[in-house]
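Chain residues, written in single-letter form:
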Amino acid sequence: MGRRSRGAEAAVAVMVLALGTACGSRLPESDFEHRDRDGPSRPADGTAIRVGIITSATSPVGGNAFIGPRDGARAWFDRLNARGGIDGRRVEVRLCDDGGSGVGNNECVHRLVDEDEVVALVATTALDYAGAPRVSRARVPDIGGQPIGAAYDTYPHLYGIYGSLAPRDGTTGWDGVQYGGTEVYRYFKREHGARTAAVVSYNQPASAAYARLVERGLKAEGYKVVTEQVDFALPNFRAAAADLKEQGADLVFDAIDGHGNARLCEAMDDVGADVTAKVTNVQNWTSTVAEDYKDAPRCRNALWATGSSRNFEDTGHPAVREFRDATKKLPARSQWQLEGWAAARWFTDAAKACAARGVTRACVDDHMNRGQGFTAGGLLLPVMFERLPEPPKTRRTCLSVARWEDGEGWVSQGDMNRTCFEVPQLPYRP
């Protein structure tokens, strides 16, 4: 896989607690051939450029769990259209809510790809991306999607927001195996002297599997690891909090949902478990922390988030200021909104490069294949797609780190382009 963020992997774990995430099936190479290479071609005559956004806006995991990338992308396109669009053509955004199901996702793909004939999909955020093989067969570029499942490390023409090093020939990763780095654990060890880490999970297969992956990474970095498993139906977070306090944990990682995290933090405050960091993921990197963790002030101020994009509260950066100005009417801000904004900007760059020849699926896809090191004006760590025949054993990986502080919000910890480590790449099966 590429520089897949630990935040993305954690999001996978907590979202499949109730449902399970589809990874798609293996397709023969012939299935990736399509009779119409260009697909729908919009003439450069001032007509709109149509794009689609698929979001699990309503799903069993919660109504607000997936909408951040969609809202960020829409904010970008609204501002772009207000400024004249792309070569004088406005971008028409078609939305589809797949309801968090594979059936709904296939229906969205059919509607947007076959009926609406979109040039590209942008900022896809789907709990079950069952329609990914169909998108790939149609050679529709899917740009800047969130890698909740394995699709972005499986199929050609799909370009996840964090990039990929995998062959993407219809098989996930390398022969069904993906790889992730230990940079998050290395960071807390080197920068904060952490030596003991607790990993909290449910007694549920997806949660437990992700917890084992975290445990492996921590042990590879030399940590003493304390595992805490709670019952999915009747979790005793107080007992887990008391034990991790007794074991002297410096860090707490988890494979549980957002509600469970808030309850765990409350329990940690109740038993007096003070830690260097309660590490959360990109999906929980939001402006609503004070409300979400209102009953856990000590734990709340020990929250840290890591990812592959610039902190949405880093107002010293011009690209962040532009994002914040365009999203000021939203009720809350989040890191996923910023990444959706970056995805829309990515499509826009590709479409502008194609404007003279015609903004077609083929042209946009060719531009995506040629591009390397996209950063959305500094909002992302450089995104790469390399299709390596063999997985790397080690990799230099950078990360964005922020810490929550009451009264300040999320405070960036160093320069994400310089917070880098050469770390092992550990295999796992999604």
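Predicted model, so just to flag it, every value in this text is computed and none were measured. (Residues numbered from 1 in each chain as written. Predicted model: local features only at pLDDT ≥ 70, side-chain atom pairs only at ≥ 80, totals over all residues. Heavy atoms only, no water.)

Asker: An account of the pairing of strand S1 (residues 49-55) is requested, with residue identities and associated values reported.
Answerer: By the criterion of burial, S1 is predominantly enclosed, with 7 of the 7 residues buried. Here S1 shows two buried faces, one formed by Ile49, Val51, Ile53 and Thr55 and the other by Arg50, Gly52 and Ile54. The pairing of S1 with strand S2 (residues 91-97) spans 7 bridges and is parallel. Bridge assignment links Ile54 to a residue of S2, and that residue is Cys96. With 2 bridges connecting them, S1 and strand S3 (residues 120-122) associate as parallel partners. When the bridges of S3 are listed, Val51 appears paired with Ala120. (Buried < 20%, exposed > 50% of the residue type's maximum accessible area, 1.4 Å probe, protein only. Helix = DSSP H or I, 4+ residues; strand = E, 2+ residues; numbered from the N terminus. Pairing = 2+ DSSP bridges.)

Asker: Before we move on, could you go through the sheet that holds strand S9 (residues 251-255) and cite the residues and values that matter?
Answerer: The 7 strands lie next to each other as S8-S7-S9-S10-S11-S13-S14, forming an open sheet whose pairing is mixed. Looking at strand neighbours, the two that pair on one side only are strand S8 (224-230) and strand S14 (409-412), the edges of this open sheet. The average angle at which neighbouring strand axes cross in this sheet is 30°, direction not considered. The pairing of strand S10 (residues 277-280) with strand S11 (residues 303-307) spans 3 bridges and is parallel. Among the inter-strand pairings, Val279 is bridged to a residue of S11, identified as Trp304. Where helix H6 (residues 205-220) meets the sheet, its contacts fall on strand S7 (196-202), S8 and S9, and the angle it forms with S7 comes to roughly 170°. (Axes fitted to C-alpha atoms, helices over the stretch in contact; angles between N-to-C directions. Contact = heavy atoms within 4.5 Å.)

Asker: Which residues make up unusual backbone geometry, and what values go with them?
Answerer: You will see that Asp87, though not glycine, has its phi angle at about 55°, which is positive. Counting through the fold element by element, Asp87 comes out in the loop between helix H2 (67-82) and S2. Relative accessible area serves as the criterion here: at 59%, Asp87 is assigned to the exposed category. Of note, His157 is a non-glycine position whose phi angle comes to about 75°, a positive value. With respect to the secondary-structure elements, His157 resides in the loop between strand S4 (142-145) and strand S5 (158-160).

Asker: Could you give an account of the side chain of Arg168, naming the residues involved and the relevant values?
Answerer: Along the polypeptide, Arg168 turns up in the loop between S5 and strand S6 (178-181). Among buried charged residues, Arg168 stands out as having no salt bridge; its nearest opposite-charge side chain is Asp153, 6.3 Å away. Residues in contact with Arg168, not counting those within four places in the same chain, are Tyr152, Asp153, Thr154, Tyr155, Pro156, His157, Leu158, Tyr159, Phe385 and Arg387. (Lys, Arg positive; Asp, Glu negative; His and termini not counted. Salt bridge = Lys/Arg side-chain N within 4 Å of Asp/Glu carboxyl O.)

Asker: Please give an account of the state of the cysteines that cites residues and values.
Answerer: Tallied over the full model, the rule gives 4 disulfides. The partner cysteine of Cys96 in its disulfide is Cys108, sulfur to sulfur 2.1 Å. In this structure, the disulfide formed by Cys96 and Cys108 twists by about -80° around the S-S bond and is classed as left-handed. With Cys96 in strand S2 and Cys108 in helix H3 (residues 102-115), this residue pair connects regions lying 12 residues apart in the sequence. Neither residue differs from the other here; Cys96 and Cys108 are each classed as buried. With a sulfur-sulfur separation of 1.9 Å, Cys265 is cross-linked through a disulfide to Cys299. Taking the sign of the torsion about the S-S bond as the criterion, the disulfide between Cys265 and Cys299, at about -45°, is left-handed. (Disulfide = S-S within 2.5 Å.)

Worth remembering: the numbers are spatial, not functional.
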